[in-house]
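Residues per chain, in single letters:
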Amino acid sequence: MRTPAPDEVEAALEPVRTELLRAAHAETVALLTRADREAAELLDGARAEARTILEEARREGEAQGAAAARDVRARARRAARAHELTARREAYEELRRRVTERVRELRNAPHYASVLGRLTGHTRRLLGPDAEVIVHPEGGLVARVPGRRVDCTLDALAARALDRAGAEAETLWAP
Amino acid sequence: MSDDCRSASSIWGDVEYTAIRELRGPLAVVEGVTGVGWDEFVRITLESGEQRHGLVLEVDRGLAVVQVLEDTTGMDPRGIRVAFTGGPLRIPVGPGWLGRVCNGRGDPIDGGPPVFGHTSVAVGGSPINPLRREPPSEPVLTGVGAVDALTTLVRGQKLPVFSTAGLPHLELAAQIAAQSTAGGESFSVVFAGMGLTHPDASFVRDALEERSAAGELVLLLNTADDPVIERILTPRLALTIAEELAFTSGRHVLVVMSDMTSYAEALREVSAARGEIPARRAYPGYLYSDLASLYERCGRLRGRPGSVTVLPVLTMPAGDITHPVPDLTGYITEGQIVLSRETHALGVYPPVDALSSLSRLMRKGAGPGRTRADHLDIAAQLLAALARARQVRELADLVGEAALSPTDRRHLVFEEAFLRRFVDQRRDQSRPLDQTLETAWQVLLTLPRSQLSMLPAALLDAHGAREDPGAEEEDSGENSERSMEYGERSMEYDERGAVE
């Protein structure tokens, strides 16, 4: 066996070298392509994810904004409604106050004595002839027997009449 | 209430009784009375001028036992005047109630004047002649998908919600009250809250604000610290108001009553104070007839417009469905919506247990000409598939998911989709029925076509049902969870890369 000349070795190894180089190139290209593709896909994915996050954030922001606006509207509506109801109640209380005052003025009317007479008759019908009848300083009277009592003061009469009027009071604020 | 006794009392003044023998807890014993009847409404005036109210519980010769609604605390027996109104409690009725917020006794708590009405009606109500009843029909759409699709509420029906403490039943009741409609017809809601805590009461007020402002809501709030006897009046008041709004004004009225267990407990308390013989769990023996006297006030009347639909909410103590309140309620009502702790734990709202829930009148309110032609088929198929999924789940617990057949595994996928995509919805979201049924279709199409035997072939074709729905999902890559979709895709690429 002889040692081959260097140029022979060169020639013999040439195909191997070429093949190795080609394989290396091919592998590099494949790797690069794959890397590029993976990078592109990662980027695509990241972009999609970013878009989703943005969309989600926008949706959430819109929902929060809408909820906040709804809260503000609800508060405003509630305040307006509370004002309206308070005004109605005040009007109704004023009506009661004025009616009570006008009924109290009956004390100074010329036929007040006959009113008292009729009230006394009414209370005696309810409580019997022995009922103790006391004229009330604010007008009207109170009749009593032990354990029972009839309130015919002018204030009580006014209050009962107002309660009966009921829905008519709504004309105070009806359009 | 200033005008309860308007029709009964004379303007000239009636006899007031001043001889009080005894004040004990919520009871006042009045002596020397004549002509007083059982259940008569009583006006009590204190020395200070303060007025309280009561009901006659018992009359024996000259003695009357009066139950004071506001309790007898702070009352001096020597300065009290008791007037009997000659009849049971009456309230003014009419549209004046709409948009108002009152306590459980009907007194305004919204700062407004008393509620007025042109007529007054006894709150006890009168039983409806059975021959005048019209069977319930047409739906009330609640905007809650699981309820509308699977347990449709029908106008004139009584459908309770069975829940347990800690579940969002009040949220569901408020949501239904806030968004229910009757297909464009005039609709109102009467919400009777009983035994609510203050945060709950304020939650209900907030949730129903919009409806109240629109003049479509009557809100009666009896809070947990309000007198217990008042709680017994609250649902009766609500029904009396609703009956007038429905049968005189022609509205479809939904009465939501929450929590009926709290009502039954009030009934028990009063019964104990009366010294009655207790029955099951110390509830009075007449609990059934008392509950029926409330629930049976719903319905429709022949020749009259409008309807009264009742949605009572009750909590089952310790989740016990055999507890007297849910048990007796179940005998009277036409189905039930059951909320489940397990579903709640999964973070699904509303946590409706579809397999335990049922609307017995659903067929009268849903289907062709009422909701949608395919509604009843979809509901039946959903429930059938869900029942199979439940069996599969039990099997999987024993043998493991890996040992299941592909069809069985699709049922597990279906169950998950059912809960996450169909049942789950936002607390402020009103889902139109069409959208609900379309979502139901999407969920059903996660199953192989051969498993959808309750749906007509034409509908299956129209919706593109396939034998291999799983493959379809992978092909299209359409998934509601985008991040998951990306994760899955990148995994595929990794695998392909490895092959190369």
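Every residue gets a number counted from 1 within its own chain, in the order that chain's sequence is written. The naming scheme follows written order: chains are lettered A onward, ligands numbered 1 onward. Selection of residues for local features in this predicted model requires a pLDDT of at least 70, selection of side-chain atom pairs for listing and counting requires 80 or more, and totals for whole chains, interfaces and linings are taken over all residues. Excluded from the side-chain calculation are hydrogens and water; included are all heavy atoms of the structure.

So, the overall build of chain A
Then, in step 1: Each helix and strand counted, chain A has 3 helices and 3 strands in total.
Then, in step 2: Starting at the N terminus and ending at the C terminus, chain A contains elements arranged as α-α-β-β-β-α.
Then, in step 3: The C-alpha radius of gyration computed for chain A amounts to 51 Å, which surpasses the reference 16 Å derived for 175 residues by more than 25%, pointing to a less compact arrangement than a globule.
Then, in step 4: In terms of overall dimensions, chain A has a C-alpha envelope of 160 × 40 × 20 Å along the principal axes. We count a stretch as a helix when DSSP gives it H or I for four or more residues in a row; a strand needs E for two or more, and each element gets its number in order from the N terminus. It is over C-alpha atoms that the radius of gyration is taken, and the globule rule equals 2.2 Å times the number of residues to the power 0.38.

Things to note about the interface of chain A and chain B
Then, in step 1: If you look at the interface, chain A gives 37 residues, while chain B gives 40 residues.
Then, in step 2: Buried area, as used here, totals the accessible surface that two parts lose on assembly, with accessibility defined by a 1.4 Å probe and the loss added over both. Across the chain A/chain B interface, buried area totals approximately 3,400 Å², and carbon plus sulfur atoms make up 54% of it.
Then, in step 3: When the buried surface of chain A facing chain B is broken down by residue, R78, R149 and R164 of chain A rank first, second and third, together holding 18% of it.
Then, in step 4: Throughout this description, the term salt bridge denotes a Lys or Arg side-chain nitrogen within 4 Å of a carboxyl oxygen of Asp or Glu. On inspection of chain A and its partner chain B, the count reaches 5 salt bridges.
Then, in step 5: Here D428 of chain B makes a salt bridge to R70 of chain A, at a shortest N to O gap of 3.1 Å.
Then, in step 6: Pairing of N or O atoms within 3.5 Å defines a polar contact, subject to two protein rules: one partner must be a possible hydrogen donor and the other a possible acceptor, and residues neighboring in sequence count only if both atoms are side-chain atoms. Here chain A is connected to chain B by 8 residue pairs in polar contact (both at pLDDT 80 or more). The contact rule is simple, with two residues in contact once any of their heavy atoms fall within 4.5 Å.

Concerning helix α13 (residues 433–444) of chain B
Residues and elements named next belong to chain B.
Then, in step 1: Any helix carries an expected span of 1.5 Å times its number of residues minus one. Taking 1.5 Å per residue as the helical rise, α13 with its 12 residues ought to reach 16 Å, and the 16 Å between its terminal C-alpha atoms agrees with that figure.
Then, in step 2: Note on exposure labels: buried denotes an accessible area under 20% of the residue type's maximum, exposed denotes more than 50%, and partly exposed covers the range between, all computed with a 1.4 Å probe on protein chains only. Among all positions of α13, only L433, T436, L437, T439, A440, W441, V443 and L444 are buried.
Then, in step 3: If you follow the buried residues of α13, they end up packed against α1 (145–150), α11 (375–399), α12 (406–423) and α14 (457–462).

Section: the pairing of strand β15 (residues 187–196) of chain B
Residue and element names in this part refer to chain B.
Then, in step 1: Burial analysis of β15 places 9 of its 10 residues in the buried class, which makes it a mostly covered element.
Then, in step 2: Strand pairing is defined by DSSP finding a minimum of two bridges between the two strands. The sheet contact formed by β15 and strand β17 (residues 252–258) spans 7 bridges and is parallel. When the bridges of β17 are listed, F191 appears paired with V256.
Then, in step 3: Across 7 bridges, β15 lies against strand β16 (residues 217–223) in parallel orientation. Bridge assignment links V189 to a residue of β16, and that residue is L217.

Focus on the sheet that holds strand β14 (residues 161–163) of chain B
All names here are of chain B.
Then, in step 1: What the 8 strands build is an open sheet, ordered β9-β16-β15-β17-β19-β14-β20-β21; its pairing is mixed. At either margin of the open sheet sits one strand with a lone partner, and together these are β9 (101–103) and β21 (358–359).
Then, in step 2: In this fold helix α6 (residues 260–274) packs onto β15, β17 and β19 (307–315), with an angle of close to 80° to the strand it touches most, β19. Orientation is described by axes fitted as lines to C-alpha atoms, over the contacting stretch for helices, and by angles from 0 to 180 degrees between their N-to-C directions.

Thoughts on the nonpolar core
Residue and element names in this part refer to chain B.
Then, in step 1: Membership of the largest hydrophobic core comes to 63 residues, with the highest contact counts inside it found for F191, L382, F414, F418 and F422.
Then, in step 2: For the domain bounds, the source is a domain assignment made automatically or taken from a database. In terms of domain composition, this core takes at least three residues from each of domain 2 (91–365) and domain 3 (375–467).
Then, in step 3: Discounting chain neighbours no more than four positions away, the residues touching F191 are L170, A173, A174, A177, V204, L208, L217, V218, L219, L220 and V256.
Then, in step 4: We call a set of buried Ala, Val, Leu, Ile, Met, Phe, Trp, Tyr and Cys residues a nonpolar core when their side-chain atoms join them within 4.5 Å. Counting residues in hydrophobic clusters, the runner-up holds 54 residues, among them C102, F162, M194 and L237.

Brief notes about the packing of aromatic side chains
Then, in step 1: Only centres within 6.5 Å qualify two rings of Phe, Tyr or Trp (six-membered ring in Trp) as a pair; their planes then separate them into stacked at under 30 degrees, edge-to-face at over 60, and tilted for everything else. Tallied over the full model, the rule gives 5 aromatic pairs over all chains.
Then, in step 2: Aromatic pair Y92 of chain A and F116 of chain B: ring centres 5.2 Å apart, planes at 65°, arrangement edge-to-face. Separated into two different chains, Y92 of chain A in helix α1 (residues 6–104) and F116 of chain B in the loop between β9 and β10 (119–122) make up a pair that spans both.
Then, in step 3: On the basis of relative accessibility, which here comes to 4%, the residue Y92 of chain A falls in the buried class.
Then, in step 4: Look at W173 of chain A and F116 of chain B: their rings are 6.3 Å apart centre to centre, the planes differ by 35°, and that puts the pair in the tilted class.

Comments concerning the UniProt feature "coiled-coil region" (unreviewed entry) in chain A
Then, in step 1: UniProt positions are given in the numbering used here, feature names are shortened, and annotations may be inferred rather than shown by experiment. Within the UniProt annotation, "coiled-coil region" (unreviewed entry) is assigned to residues 40–109 of chain A.
Then, in step 2: As annotated, residues 40–109 of chain A has a helix share of 93% and a strand share of 0%, and its two end C-alpha atoms lie 102 Å apart.

Digging into the packing of α12 of chain B against α13 of chain B
All names here are of chain B.
Then, in step 1: Running from N to C, α12 and α13 cross one another at 160°; their axes reach a closest spacing of 9 Å. Comparing the axis directions of α12 and α13 gives the class roughly antiparallel. The handedness of the crossing between α12 and α13 comes out as right-handed. Judged by residue contacts, F414, A417, F418, R421 and F422 of α12 engage T436, T439, A440, Q442, V443 and L444 from α13. Under this scheme an angle from 65 to 115 degrees is roughly perpendicular, one under 35 degrees roughly parallel, and one over 145 degrees roughly antiparallel; angles in between are oblique. Crossings are sorted by hand: turned counterclockwise from the far helix by less than a right angle, the near helix makes the crossing left-handed, and turned clockwise it makes it right-handed.

Here's the deal with the sheet that holds strand β2 (residues 140–145) of chain A
Then, in step 1: Strand order across the open sheet formed by 10 strands is β1(A)-β2(A)-β3(A)-β1(B)-β7(B)-β4(B)-β5(B)-β6(B)-β3(B)-β2(B), with antiparallel pairing between neighbours. Edge positions in the sheet fall to β1 (132–135) of chain A together with β2 (20–24) of chain B, since each has one partner strand and no second. Looking at each pair of strands side by side, their axes are set apart by 30° on average, direction ignored.
Then, in step 2: Across 4 bridges, the pairing between β1 of chain A and β2 of chain A is antiparallel. Looking across to β2 of chain A, one finds that E132 of chain A is bridged to R144 of chain A.

Digging into the pairing of strand β3 (residues 27–30) of chain B
All names here are of chain B.
Then, in step 1: Across the two faces of β3 the burial is the same, with L27 and V29 and A28 and V30 all buried.
Then, in step 2: Here β3 pairs with strand β6 (residues 63–68) via 4 bridges, running antiparallel. Within the sheet, the bridge partner assigned to L27 lies in β6 and is Q67.

Remarks on a nonpolar patch on the surface
Then, in step 1: A contiguous nonpolar surface patch, about 330 Å² in accessible area, is contributed by V9, L13, V16 and L20 of chain A.
Then, in step 2: With relative accessibility at 40%, the residue L13 of chain A sits in the partly exposed group. The patches reported here contain residues having more than 30% relative accessible area and no salt bridge. Joining distances are 9 Å for like charges and 5 Å for nonpolar side chains (Val, Leu, Ile, Met, Phe, Trp, Tyr). The accessible surface values rely on the Shrake-Rupley method and a 1.4 Å probe; as for residues, cover is taken only from the protein chains in view.

What about the pattern of salt bridges?
Then, in step 1: Summed over all chains, the structure comprises 53 salt bridges over all chains.
Then, in step 2: Residue R88 of chain A pairs with E84 of chain A through a salt bridge whose shortest N-O separation is 2.8 Å. Within this pair, R88 of chain A and its partner E84 of chain A are both found in helix α1, separated by 4 residues, close to a single helical turn.
Then, in step 3: In this structure, the salt-bridge partner of R24 of chain B is E22 of chain B, at a minimum N-O distance of 3.2 Å.

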